[in-house]
Amino acid sequence: MALMDKHKVKRQRLDRICEGIRPPILNGPMHPRPLVALLDGRDCTVEMPILKDVATVAFCDAQSTQEIHEKVLNEAVGALLYHTITLSRDDLDKFKGLRVIVRIGSGFDNVDIKAAAELGIAVCNVPATSVEETADTSLCLILNLYRRVTWMHQALREGTRASSVEQIREVAGGAARIRGETLGIIGLGRVGQAVALRAKAFGFGVIFYDPYLPDGVERSLGLQRMATLQDLLIHSDCVSLHCSLNEHNHHLINDFTIKQMRQGAFLVNTSRGGLVDEKALAQALKEGRIRGAALDVHETEPFSFSTGPLKDAPNLICTPHTSWYSEQASIEAREEAAREVRRAITGRIPDSLKNCVNKEYLMAASQWPSMEATGVHPELNGAAAYRFPAGLISGVAGGLAGAGAGVEALVAGSLAHGITPVSHPPHSSSPGQPSKAEADRDIPSDQ
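Residues numbered from 1 in each chain as written. Predicted model: local features only at pLDDT ≥ 70, side-chain atom pairs only at ≥ 80, totals over all residues. Heavy atoms only, no water.

A. Quick peek at the overall build of the protein. Scanning the protein for helices and strands turns up 16 helices and twelve strands. Looking at the protein as a whole, 54% of its 447 residues are labelled buried. Carbon and sulfur atoms make up 53% of the accessible area of the protein, which amounts to about 20000 Å² in all. (Helix = DSSP H or I, 4+ residues; strand = E, 2+ residues; numbered from the N terminus. Buried < 20%, exposed > 50% of the residue type's maximum accessible area, 1.4 Å probe, protein only. Areas by Shrake-Rupley, 256 points an atom, 1.4 Å probe, with all protein chains shown as cover.)

B. Up close: the pattern of salt bridges. Tallied over the entire structure, the rule returns 17 salt bridges. Of the charged contacts, one joins Asp-255 and Arg-289 as a salt bridge, the two residues approaching to 3.6 Å between their closest N and O atoms. In this pair, Asp-255 sits in helix α12 (residues 255–260) while Arg-289 sits in the loop between α13 (278–287) and β11 (290–295), placing the two residues 34 residues apart along the sequence. Its relative accessible area of 34% is what places Asp-255 among the partly exposed residues. For Arg-289, a relative accessible area of 16% gives the class buried. (Salt bridge = Lys/Arg side-chain N within 4 Å of Asp/Glu carboxyl O.)

C. Broad picture of unusual backbone geometry. Cis geometry is adopted by the peptide bond preceding Pro-302, which originates at Glu-301 and carries an omega value of 5°. Relative to the helices and strands, Pro-302 is located in the loop between β11 and β12 (316–318). Here the bond from Ile-349 into Pro-350 is cis, since omega is 5°, no more than 30 degrees from zero. You can see Pro-350 is positioned in the loop between α14 (327–346) and α15 (359–364). Positive phi outside glycine occurs at His-251, with the angle close to 60°. Structurally, the position occupied by His-251 is in the loop between β9 (238–241) and α12.

D. Broad picture of the environment of Val-357. Tracing the chain through its elements places Val-357 in the loop between α14 and α15. A relative accessible area of 1% means that Val-357 is categorised as buried. Sequence spacing of Val-357 and Phe-108 is 249 residues, and the spatial spacing of their C-alpha atoms is 8.6 Å.

E. Region of interest: the state of the cysteines. Here the structure, examined in full by the defined rule, presents zero disulfides. In this structure Cys-356 is not part of a disulfide, and its nearest cysteine sulfur, from Cys-124, lies 4.7 Å away. (Disulfide = S-S within 2.5 Å.)

F. Here's a closer look at helix α6 (residues 131–147). For α6, with 17 residues, the first-to-last C-alpha span of 24 Å sits near the 24 Å given by 1.5 Å per residue. Inspection of α6 places Val-131, Glu-133, Thr-134, Ala-135, Ser-138, Leu-139, Leu-141, Ile-142, Asn-144, Leu-145 and Tyr-146 among the buried residues, and these make up the whole buried set. Positive backbone phi, approximately 55°, marks Arg-148, located one or two places after α6. (Expected span 1.5 Å × (residues − 1).)

G. The arrangement of the pairing of strand β3 (residues 76–81) in detail. In terms of residue burial, β3 counts as a mostly covered element, since six of its six residues are buried. The pairing of strand β1 (residues 35–38) with β3 spans four bridges and is classified as parallel. What sits directly across from Ala-37, in β3, is Ala-79. Bridging between β3 and strand β4 (residues 100–103) involves four bridges; their strand directions are parallel. The residue of β4 that forms the bridge with Ala-79 is Ile-101. (Pairing = 2+ DSSP bridges.)

H. Structural context of the side chain of Ser-330. For Ser-330, the location among the structural elements is in helix α14. Look at Ser-330 and you get buried, because its relative accessible area is 14%. When near neighbours in sequence (up to four residues on either side) are disregarded, Ser-330 contacts Trp-324 and Tyr-325. (Contact = heavy atoms within 4.5 Å.)

I. Layout of the environment of Tyr-209. Position of Tyr-209 among the secondary structure elements: in strand β7 (residues 205–209). The exposure class assigned to Tyr-209 is buried, which follows from its relative accessible area of 5%. Note: C-alpha distance between Tyr-209 and Gly-184 (25 residues apart in sequence) is 7.7 Å.

Rendered as structure tokens:
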């Protein structure tokens with residue numbers, strides 16, 4: 001007994017000595033019981049069947065890392081998230097064992113991917129599942145601006161009569177013919193191309209600006225390419241944004257670029273709210289320089305008409321960041337995100353990952369082989385689950401024998417998944433996210 005006490009004291013001393021020391025990253029397949037957490041949601045019924053035999057899955061339902069339980073911060077090796085939580089460098093530093101982050105959706109501007117790479121964390125996205133939904137919504141908003149369906153509906157709801165020709169002219173005033181109009185697309189990625197093909201069927205002439213696409217893409221799609229952003233703005237009757245957000249194109253549409261647009265042009269944004277200076281847009285709408293605008297994404301979300309610069313802006317349609325959504329797209333995105341986490345757990349990071357958006361930064365970091373990074377363009381990128389509340393932990397360790405004991409161990413204290421914690425190397429401050437190096441230019445607003 002005395003011998004056991006002696007060993008216990010010795011172990012405690014060793015623990016104190018080693019406190020704060022993290023071993024280096026070990027690549028290759030993870031232990032079969034790592035902890036994976038859904039950070040900003042509570043429904044894991046889609047993810048569980050895909051992950052239950054290789055991971056313990058939990059959910060946090062958090063809006064910031066301050067709401068995430070310490071056990072998740074200390075032991076999670078995988079994280080799933082939507083667009084409602086932001087992970088800055090300081091937030092990422094709180095995770096002690098994180099190896100992979102998967103954004104359930106296309107946009108990943110809410111994660112500092114360069115800082116993540118410097119901490120040895122791979123960041124992935126799901127870029128393809130909402131392409132059709134976002135393109136359909138974009139075209140719906142464009143058609144609505146031209147045909148003024150929303151305003152006619154509002155007029156009828158308010159009791160306006162439209163029985164005579166004169167009354168119809170008044171109610172439908174501003175409705176315009178589409179054929180022969182020019183649609184300018186900024187960012188011809190997945191969604192941009194889908195919008196272009198749909199718009200052509202309605203009679204739009206389609207032009208685009210995207211400095212990253214190789215020569216000849218315009219010929220294969222039957223589109224006209226603009227050499228500069230200014231050229232596109234000058235020649236467009238309607239401008240639709242389909243590029244990602246980064247530190248180089250924040251407020252891409254501002255007072256200066258609005259003045260380069262045609263008088264009375266339309267503006268549509270289903271990408272990211274930060275691309276548009278809402279104060280400048282509101283002023284342009286009031287002055288009539290922009291005839292109408294439709295925004296699915298906003299600088300501050302969730303959006304409210306009662307606050308912010310757009311509250312008194314006329315001829316404006318706003319939707320609550322839902323252009324990405326359909327039941328099918330939502331399920332497909334969650335399934336693919338779970339499969340990406342599974343690839344990380346059972347394979348090698350980043351080699352086994354399908355959509356790693358910070359791979360070049362991972363390879364350039366000190367713990368990975370070197371790899372040349374892509375240049376940056378200044379304009380474009382341009383089953384049940386369990387929650388960890390503030391004093392209670394619960395989880396599912398499904399799939400393996402002794403799962404019940406695993407749950408008890410999780411509730412009681414330490415999760416014995418046996419993963420070697422990630423070593424976070426020293427780092428310097430990150431200015432933000434890069435553009436083209438981030439991968440996909442298209443950001444179906446989801447996400």
